[in-house]
Structures are given as C-alpha cells and as structure tokens.
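An overview of the molecular structure
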Amino acid sequence: MNLSQLAGNMPLKRQLSAESAGRGLSHAYILAGPAGTGKHTLARLLAAALVCEGAGDKPCETCPHCRKALRDIHPDVIRIGGDGKDINVAQVRALRSDAYIRPNEASRKVYLLENAQTMNPSAQNAMLKLLEEGPAYAAFLLLTDNSAALLATVRSRCEGLTLSPVTDSEAEGYLRARYPEQAPRAIAELAARCEGVLGRAVAELEGSGGTGPVRDGAVKLLRLLSKGDELALLEFSVSLEKWEREDLEALLGETILLLRHALVCSNQGNPGESDPERLETARMAADKLTPRALLAAAETLEKLRAACGYNAGTGHLAGWLCAALSG
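Parameters and conventions
- Residues numbered from 1 in each chain as written.
- Predicted model: local features only at pLDDT ≥ 70, side-chain atom pairs only at ≥ 80, totals over all residues.
- Heavy atoms only, no water.
- Helix = DSSP H or I, 4+ residues; strand = E, 2+ residues; numbered from the N terminus.
- Rg over C-alpha atoms; globule rule 2.2 N^0.38 Å.
- Buried < 20%, exposed > 50% of the residue type's maximum accessible area, 1.4 Å probe, protein only.
- Pairing = 2+ DSSP bridges.
- Axes fitted to C-alpha atoms, helices over the stretch in contact; angles between N-to-C directions.
- Contact = heavy atoms within 4.5 Å.
- Domains from an automatic or database assignment.
- Parallel < 35°, antiparallel > 145°, perpendicular 65-115°, else oblique.
- Left-handed = near helix turned anticlockwise from the far one by under 90°.
- Core = buried A, V, L, I, M, F, W, Y, C linked by side-chain atoms within 4.5 Å.
- Arc of directions from axis to C-beta.
- Expected span 1.5 Å × (residues − 1).
- Disulfide = S-S within 2.5 Å.

Below, the discussion takes up the overall build of the protein. Counting its regular elements, the protein contains 15 helices and 5 strands. Its C-alpha atoms give the protein a radius of gyration of 22 Å, near enough to 20 Å, the size a compact globule of 327 residues would have. If one aligns the C-alpha atoms of the protein with their principal axes, the spans along those axes are about 65 × 45 × 30 Å. Evaluated residue by residue, the protein yields a buried proportion of 51% over its 327 residues.

Here we come to the sheet that holds strand β4 (residues 138–144). Two orientations exist for strands paired in a sheet by backbone hydrogen bonds: parallel and antiparallel. With parallel pairing, 5 strands are arranged side by side in an open sheet as β2-β3-β4-β1-β5. At either end of the open sheet lies a strand with only one pairing partner, and these are β2 (77–80) and β5 (159–162). This sheet shows a mean twist of 20 degrees between the axes of neighbouring strands, independent of strand direction. Sheet analysis places strand β1 (residues 28–32) next to β4, joined by 5 bridges and oriented parallel. Looking at β4, one finds that Leu 31 is bridged to Leu 143. Set on the sheet, helix α2 (residues 39–51) makes contact with β1, β2, β3 (109–113), β4 and β5; between it and β4 the angle comes to about 175 degrees.

A common way to state how big an interface is: give the accessible area lost once the parts meet. The assigned domain composition of the protein is domain 1 (10–162), domain 2 (168–196) and domain 3 (212–326). Each of domain 2 and domain 3 has a C-alpha centre, and these two points are 23 Å apart.

A few words now on the packing of helix α10 (residues 213–227) against helix α12 (residues 245–266). Taken N-terminus to C-terminus, the directions of α10 and α12 make an angle of 55 degrees; their axes are 8 Å apart at the nearest point. Between α10 and α12, the angle falls in the class oblique. Considering how the two elements wind past one another, α10 and α12 form a crossing that is right-handed. Residue-level inspection shows Val 214, Gly 217, Ala 218, Val 219, Leu 221, Leu 222 and Leu 225 of α10 in contact with α12, the latter providing Asp 247, Ala 250, Leu 251, Glu 254, Thr 255, Leu 258 and Leu 259.

Looking now at the nonpolar core. One finds Leu 259, Leu 301, Leu 321 and Leu 325 to be the most contacted residues of the largest nonpolar core, which totals 34 residues. Residue assignment for this core shows that the elements contributing at least two residues are α10, α11 (230–239), α12, α13 (276–288), α14 (291–307) and α15 (314–326). Here this core takes 9 residues from α12, the largest share from any one element. For Leu 321, the residues in contact, after removing those within four places along its chain, are Leu 221, Ser 237, Leu 240, Leu 252, Leu 301 and Leu 304.

This brings us to the environment of Glu 230. Residue position: Glu 230 is located in helix α11. For Glu 230, a relative accessible area of 48% puts it in the partly exposed group. Each C-alpha atom of the pair Glu 230 and Gly 196 lies 33 Å from the other, and the pair is 34 residues apart in sequence.

A few words now on unusual backbone geometry. With omega at -5 degrees, the peptide bond leading from Lys 58 into Pro 59 counts as cis. By the secondary structure assignment, Pro 59 is in the loop between α2 and α3 (64–70).

Taken together, the buried positions of helix α4 (residues 89–99) are occupied by Val 89, Val 92, Leu 95 and Ala 99. Down the axis of α4, the buried side of the element spans an arc of 115 degrees, and every buried residue falls inside it. Opposite the buried face of α4, by more than 90 degrees, sit the exposed residues Ala 90 and Ser 97. Packing partners of the buried residues in α4 comprise β2, β3, α5 (121–133) and β4.

Quick look at α13 now. For α13, built from 13 residues, the straight-helix expectation of 18 Å at 1.5 Å per residue is met to within 8% by its first-to-last C-alpha distance of 18 Å. For α13, the complete set of buried residues consists of Arg 278, Leu 279, Thr 281, Ala 282, Met 284, Ala 285 and Ala 286. Taken together, the buried residues of α13 touch α8 (184–193), α10, α12 and α14.

Within the structure shown, the criterion is met by 0 disulfides. This cysteine, Cys 52, is not joined by any disulfide, and Cys 66 carries the nearest cysteine sulfur, 3.5 Å off. Taking the relative accessible area as the measure of exposure, Cys 52 reaches 8% and is therefore buried.

Among the structural elements, Lys 109 can be located in strand β3. What makes Lys 109 buried here is its relative accessible area of 3%. Discounting residues that sit within four places of it in the chain, Lys 109 has contacts with Asp 76, Ile 78, Asp 98, Ile 101, Arg 102, Pro 103, Tyr 137, Ala 138 and Ala 139.

Listed below in structure tokens is the structure:
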C-alpha cells in the first residue's frame, strides 16, 4: 500500500500493506492518536485507497478517484463532525440512510467521522447497527483522540489503527522535504520542539499554531505563572474558554516545552532555544520558580493535555488550569 505521505508509523504501515495485499482493507477502522499525529493524513490516504481504481499499490494517486479523494472533493467520500460540534444521533441516522444510496462515481462509499469520541451512547448505538448491517460497498473511518471514549461494542467491530509521534529525525526529514525554503537550523529546532507531533510543527511554520496565538499564549502563561499573579492568571484562563480544544492542547504542549527549557536553565544548561522571547521567558521562570515547582507545573499541564482527548469542554479545562496552577 502506498502510504509515503504519512511520516513514521512503520508498524501501522506494515499492517495496512499486509492487509491490502492479502484480504483487502477492512470496512471499518478507528484512527486514534493525539491531535497532529497524522489521523487526517491517514484517513485521506485510506479513503483514496478504498475508491482507487488504479493498478498496483493503492492509492495510485493518479486515477481520477484518487486525485479527487486526496483533494477532499470526491462525492463518495463524506465527512461528518468536522464543524467542532458533537456528533448526534440524528446525524448518524441520516448517515445510515445515505449509506443505502449507491455511490455516485466510485465502487465504494467512504464515511469519515471526525471527533468520533463526541458521539453520545445513542449515536454510537445507531452507528453500531450501521457497522453490523451496512451495505458491502460502505466503509467507515472513525477519527478520535481517545478511542476509550467509544463503546466497546463499536471498538470490537472496527480495526484499530493507533498513530504515534515520530522521531526527531523523521520529523526533521519530513519538514525539510515539505519546507525546503526554511533554514536547516530552524527546521532542526522545530523538529525537536514539536515532540514528534508533526501537526504542531506544520501549524507553526504555516502561521496557524506556534508562531501565532498558541506560541504567544504559552509565553504569556509561563510569565503569569512565574509572577504568581493569580488574578491575571484567572483572567487569562477565562479567555481560553472560547478556544478550540485542539488549540488549547497545542498551547499546553508549548507551555510544557517552555517549562522543560526552564528546568534546563535552572541547572545552568542551554535549552537550545533560538527564539529570544521564549528563551527569556524560560530563564525568568528558572529565576522565579524552584525546579520542584517547574516540574509540578509541567506534570499538571501534562494531565490537562491528556484530558483534552476526552469529551470535556474548554471551559472546564480552563477552570482546571487556573485552579491547579493557582494552588
């Protein structure tokens, strides 16, 4: 199977290649992993492979079905749940009705359910019937940050594909190939800073993540924590209630990295940070907070970042953030 567009994840690639060469791809997969690890890339490749009519490895990337699927314009590849709202039972029932209408162009019809963990039990039970009794030409890709939030009965009827963070060298190779115009040193630093989550690195390079609100928010959060200003920390936490969950998760990740830089600074080390503002913030935190306090803050944020994978609102997470760091 042609999965060259997906970085790292060699065990997963071998699994899918063996399935494709043998019995063929499954009719239902759960694609699980933290935000930014490649779930959407893999879903796009699987959707293209399922509708592909080319010879050899699938997706061939050249047949009309592949090209449309890879550009997200294929009429038989249907996305659900990409609007940031929970997937409700009415949507699943509408999906079930649509599934019994034969494909428009391809031999198969593929449904991508983003944020599948947001389905409540009623919606998941409606989905279960479709997984069990759906037409042979229908395939389902359930994308989730937390597969444990799905009912065991749903999980048992899908094959699980868990995406993992890539190594620093894999991240650097991917970023060099995709952004050849970037300075090698900047790419190397970003590859180390993204902690194997390529989505964060891409967001930073394209101005939608680490170089914008996420990057600035992390710097501000650590400065507030260093100063011990509880009122300002409360006001900042309240402002996070309107953030998307993925952006909040990225903010927590950036702050954790700054806390680790501060720990290195507290031990008279060089954190390898070239951004002057981030480096200054890490050094200030090292001066104001003890290594134990820095470590405790990092552990708290790690717990919060893990909680972003559950069906918890950003308001609750922001409140937890303020209470935990003010205590």
